[in-house]
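# Topology and contacts: notes
Now for the letters of each chain:
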Amino acid sequence: MIRIGSIGLGGMGLYQARTFSQAEGCRLVAGADPSPEMRERFAKTFPGVQVYDSPEKLIAQPDIDAVVVAVPTGRHQRVASAALAARKPVLLEKPMARTVPQCLKLIEDAKKYDTLLMVAHCRRFDPHWKSWGEYVTSGRLGHPILWRHALAGFGPGSWFMDRELGGGPLIDGAVHDYDFANWIFGEPESVVSSSIKMDPSVTAIDTGSAVVRYKNGSQLLVSWSWSARGNHLHDVIGPAGFIQFGTGGLTPSAEEEAENQYCYFTDREGKQTLIGAKKQPDMYTHQALHFLACIRGETTCLSPGTEAIKAIAVAEAILKAGPKGRAVKVNWQPSV
Ligand SMILES: NC(=O)c1ccc[n+]([C@@H]2O[C@H](COP(=O)([O-])OP(=O)(O)OC[C@H]3O[C@@H](n4cnc5c(N)ncnc54)[C@H](O)[C@@H]3O)[C@@H](O)[C@H]2O)c1
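Residues numbered from 1 in each chain as written. Predicted model: local features only at pLDDT ≥ 70, side-chain atom pairs only at ≥ 80, totals over all residues. Heavy atoms only, no water.

### So, the packing of helix H8 (residues 175-185) against helix H11 (residues 305-324)
As a reminder, the rule being used: Fitted lines through C-alpha atoms give the axes, limited to the stretch in contact for helices. The angle between two N-to-C directions lies from 0 to 180 degrees. Working definition: helices are DSSP H or I runs of at least four residues, strands are E runs of at least two. Numbering for both runs from the N terminus. Throughout this description, any angle smaller than 35 degrees is read as roughly parallel, any larger than 145 degrees as roughly antiparallel, any in the 65 to 115 degree range as roughly perpendicular, and the remainder as oblique. Working rule for handedness: look at the near helix, and if it is turned counterclockwise from the far one by less than a right angle, call the crossing left-handed; if clockwise, right-handed. Residue contacts are defined here by distance: any two heavy atoms, one from each residue, within 4.5 Å place the two residues in contact. All residues other than Ala, Val, Leu, Ile, Met, Phe, Trp, Tyr, Cys, Pro, Asp, Glu, Lys and Arg, Gly among them, are scored as polar; the first ten of these are nonpolar and the last four charged.
Orientation of H8 relative to H11, taken along the N-to-C sense of each, is 120°, at an axis distance of 9 Å. Considering their axes alone, H8 and H11 lie oblique with respect to each other. Viewed along their axes, H8 and H11 form a crossing whose handedness is right-handed. Within the contact between the two elements, H8 uses Val175, Tyr178, Asp179 and Asn182 and H11 uses Ala308, Lys310, Ala311, Ile312, Val314, Ala315 and Ile318. Per-class residue counts for the contact of H8 with H11 are eight nonpolar, one polar and two charged.

Structure (structure tokens):
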């Protein structure tokens, strides 16, 4: 039975704690957060579970085997490195860290202390995203691919819109897309991007668009805003067909809708096929079970720090490319 401590008990930390409290093969034994309100909420939700007011106190407990870290992104590295130094396997919320040098330090510490560092890139564990991702990787859309994803809405405020702590939607939100694109397209090569500030009161860039180019010739076109409302545009196009999300042109039967999260593949002749995984436990449950299996040595980690750093490198290149007005190379190698 793996004993889990949860560090950071806000929105995501509480969700992760609930997931682990229900997962097989582990027990939620502790939580830590400097905020008295968050500690109180956690204690009410999980009566009998130990609560600490700092990550250091939780990490020092010998009867905690592994930790989940869900603190503001700018603090990921310090908290996760402390847990790795205590040789506690870490499931670290995405984005891995705020900067590439912070990611490099985490990778170095995981190696130095020979301890598992898994980054919670939940889309890698999402049955729905995996099923359309397999349409891409199996070649059914042909090659090259353009994945287009544009979202706009009023996002989370507070530290998420602070330049250093959160970095805004081009890091915190779009990192899901960068990581998934890295997974299905391979190595990211360069980016072009542009940004607009819609809310002058925040320090992070709140609205921006970018094209990420991959070595294999495919591209990701992303556009995110957390300071404006807009449509959600989402499709994946290739020379042999395309995938569209939501109902598209074909309305699923009530049974299909109940059974599947759905999207459609349309081939060159216009024939549509419903794709999507049968309803399954959610991505966070799959992710938690994978983390536990990695700790037991039953499988190889699907989302190690050495992969997740590439998504932060894409984010950094996008933030650099905007003001420069020219392409920027994606780089996650240590500078020599
Ligand atoms: N995978 C997902 O779908 C998903 C969704 C939301 C958030 N997240 C990620 O989870 C992380 C946390 O986000 P959130 O939405 O829970 O934010 P939040 O603001 O709701 O919670 C953060 C919590 O961390 C606590 N905290 C701050 N500094 C701390 C420290 N040094 N040690 C311990 N606790 C500390 C705060 O008091 C707060 O309770 C972020 O990295 C975010 O990007 C992931």
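So that's the structure; there's more coming.
### A closer look at the sheet that holds strand E8 (residues 188-196)
Note the threshold: For two strands to pair, DSSP has to find at least two bridges joining them.
Taken in spatial order, the nine strands make up an open sheet running E14-E13-E12-E11-E7-E10-E9-E8-E15, and their pairing is mixed. The open sheet terminates on both sides in strands that have one partner only, identified here as strand E14 (272-275) and strand E15 (328-329). Pairing between E8 and E15: two bridges, direction antiparallel. Each residue of the ladder has a partner; that of Val191, found in E15, is Val328.

### As for the nonpolar core
The condition is simple: Note on terminology: a nonpolar core comprises buried Ala, Val, Leu, Ile, Met, Phe, Trp, Tyr and Cys residues joined through side-chain atoms within 4.5 Å. Three labels apply to residues, based on accessible area from a 1.4 Å probe with only protein chains included: buried if under 20% of the type maximum, exposed if over 50%, partly exposed otherwise in between. For the domain bounds, the source is a domain assignment made automatically or taken from a database.
Residues Met96, Trp132, Trp147, Tyr178 and Ile243 are the most contacted members of the largest nonpolar core, which totals 71 residues. Here this core gets ten residues from one element, more than from any other, and that element is H11. Shared between two domains, this core takes at least three residues from each, and those domains are domain 1 (2-122 + 283-303) and domain 2 (124-278 + 313-329). Not counting residues up to four positions away in its chain, the partners in contact with Tyr178 are Leu170, Tyr214, Leu220, Val222, Ala311, Val314, Ala315 and Ile318. Phe20, Ala23, Cys26 and Val68 belong to the second largest nonpolar core, which has 23 residues in total.

### Details of the environment of Gly173
Turning to its location among the elements, Gly173 is positioned in the loop between helix H7 (169-172) and H8. Note on Gly173: relative accessible area 3%, which makes it buried. Remark: the alpha-carbon pair of Gly173 and Gly270, spanning 97 residues in sequence, is separated by 33 Å. Beyond its immediate stretch of four places on either side in the chain, Gly173 contacts Gly168, Trp224 and Trp226.

### Quick word on the packing of aromatic side chains
Inclusion rule: Note on ring pairs: Phe, Tyr and Trp rings are taken, using the six-membered ring of Trp, and paired if centres are within 6.5 Å. Classes follow the plane angle, with under 30 degrees stacked, over 60 edge-to-face and the rest tilted. Cation placement over rings: the criterion is NZ of Lys or CZ of Arg within 6 Å of the ring centroid and within 35° of the ring normal.
The full count for this structure, using the stated rule, is 16 aromatic pairs. Seen from their ring centres, Phe42 and Phe46 are 5.1 Å apart, and the 55° between their planes marks the pair as tilted. We note that Phe42, like Phe46, is buried. Relative to Phe265, the ring of Tyr135 has its centre 5.2 Å away and its plane inclined at 55°; by these criteria the two rings are tilted. Here Tyr135, found in helix H6 (residues 127-137), pairs with Phe265, found in strand E13 (residues 263-267); they are 130 residues apart in sequence, far enough to count as distant. Of the two residues, Tyr135 and Phe265, both sit in the buried class. In this structure an aromatic cluster arises from ring pairing among Trp129, Trp132, Trp147, Phe180, Trp183 and Phe245. In this structure, Arg140 is placed above the aromatic ring of Phe265, and the distance from its NZ or CZ to the ring centre is 5.4 Å.

### Section: the domain arrangement of the protein
Note the threshold: As a working definition, buried area equals the accessible area (1.4 Å probe) given up by two parts on being put together, with both sides summed. Salt bridges, as used here, are contacts in which a Lys or Arg side-chain nitrogen is within 4 Å of a carboxyl oxygen on Asp or Glu. By the criterion applied in these results, polar contacts are pairs of N or O atoms within 3.5 Å in which, for protein atoms, one can donate a hydrogen and the other can accept it, and in which residues neighboring in sequence qualify only through two side-chain atoms.
Split by domain assignment, the protein resolves into domain 1 (2-122 + 283-303) and domain 2 (124-278 + 313-329). Between the C-alpha centres of domain 1 and domain 2 there is a distance of 27 Å. Counting residues at the interface gives 19 residues for domain 1, matched by 18 residues for domain 2. In total, about 1700 Å² of surface goes out of reach between domain 1 and domain 2, with carbon and sulfur atoms giving 63% of it. For domain 1, the biggest contributors to the area lost against domain 2 are Arg98, His121 and Leu302; these three give 37% of the whole. Taking the shortest distance from any N to any O, the salt bridge between Asp172 and Lys94 comes out at 3.3 Å. On inspection of domain 1 and its partner domain 2, the count reaches ten residue pairs in polar contact (both at pLDDT 80 or more). For the side of domain 1 that touches domain 2, the secondary-structure elements that each account for two or more residues are helix H5 (100-112) and helix H10 (283-295). Tallying contributions element by element places H10 first for the side of domain 1 that touches domain 2, with four residues.

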